[in-house]
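Now for the letters of each chain:
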Amino acid sequence: MDAKRAQEIQSSQAMANVICDGQSVYIEHVDQENGLATVHPVDDPNQKKSVSVESLSEQ
């Protein structure tokens, strides 16, 4: 996924099915300049991590 699409998903009211390392995640923030996203598992908002937007895929 590219940073622009990750930002679109993060800004959207609709819940997109985004996968990172085989796990469904919610995108909290996108740093387009550095190509990073802050994500957490859909079922565990306390497990935040920063990942490359390229490691995200939309299902």
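Quick caveat: nothing in here was measured; it's all calculated off a predicted structure. (Residues numbered from 1 in each chain as written. Predicted model: local features only at pLDDT ≥ 70, side-chain atom pairs only at ≥ 80, totals over all residues. Heavy atoms only, no water.)

1. Overview of the side chain of His40
Selection criterion: A run of H or I in DSSP counts as a helix once it spans at least four residues, and a run of E counts as a strand once it spans at least two, with each numbered from the N terminus. Burial classification: accessible surface area is computed with a 1.4 Å probe over protein chains only, and a residue below 20% of its type maximum counts as buried, one above 50% as exposed, and the rest as partly exposed. Whenever a nitrogen or oxygen atom comes within 3.5 Å of another N or O atom, the pair is scored as a polar contact, on the condition that within protein one atom can donate a hydrogen and the other can accept it, and that pairs from neighbouring residues in sequence are kept only if both atoms are in side chains. The criterion used for residue contact is that any of the two residues' heavy atoms lie within 4.5 Å.
Residue placement: His40 occurs in strand E3 (residues 36-41). The class for His40 is buried, based on a relative accessible area of 7%. Of the polar contacts made by the side chain of His40, one reaches the side chain of Glu28; its length is 3.3 Å. The residues touching His40, leaving out its near neighbours within four places in the chain, are Ser24, Val25, Tyr26, Glu28, Pro45, Gln47 and Lys48.

2. Brief notes about a nonpolar patch on the surface
Quick reminder of the rule: Exposure above 30% relative accessible area and the lack of any salt bridge qualify a residue for a patch; like charges then connect within 9 Å, and the nonpolar side chains Val, Leu, Ile, Met, Phe, Trp and Tyr within 5 Å. Surface accessibility follows the Shrake-Rupley procedure with a 1.4 Å probe radius. Residue values consider only the protein chains on display as shielding. Think of a salt bridge as a Lys or Arg side-chain nitrogen and an Asp or Glu carboxyl oxygen that are within 4 Å of each other.
Together, Met15, Tyr26 and Val42 line one region of the surface with nonpolar side chains, adding up to about 290 Å² of accessible area. Tracing the sequence through the fold places Val42 in the loop between E3 and strand E4 (49-52).

3. A word on the nonpolar core
To keep it simple, the criterion reads: Residues belong to a common nonpolar core when they are buried Ala, Val, Leu, Ile, Met, Phe, Trp, Tyr or Cys residues joined through side-chain atoms within 4.5 Å.
Core analysis: the largest hydrophobic core is formed by 13 residues, its most contacted members being Ile27, Ala37, Val39 and Leu56. Looking at this core, the elements that each hand over two or more residues are helix H1 (3-11), strand E1 (18-20), strand E2 (23-31) and E3. Not counting chain neighbours up to four residues away, the residues in contact with Ile27 comprise Ala6, Ile9, Gln10, Val18, Ala37, Thr38, Val39 and Leu56.

4. Quick word on the environment of Glu28
Here Glu28 shows up in strand E2. Counting along the chain gives 20 residues from Glu28 to Lys48, while the straight-line C-alpha distance between them is 8.8 Å. For Glu28, the contacting residues outside a window of four places in its chain are Gln10, Thr38, Val39, His40, Pro45 and Lys48.

5. Focus: unusual backbone geometry
Most peptide bonds are trans, and most residues other than glycine sit at a negative phi. Within the chain, Asp21 stands out as a residue other than glycine whose phi angle is a positive 55°. Counting through the fold element by element, Asp21 comes out in the loop between E1 and E2.

6. Regarding the pattern of salt bridges
Evaluation of the coordinates by the stated rule reveals 4 salt bridges. For the salt bridge of Glu8 with Arg5, the shortest nitrogen-to-oxygen distance reads 3.2 Å. A residue pair is termed a helical-turn pair when its members lie 3 or 4 positions apart in one helix, as Glu8 and Arg5 do in helix H1 at 3 residues. We classify Glu8 as partly exposed; its relative accessible area is 38%. Classification of Arg5 as partly exposed rests on a relative accessible area of 31%.

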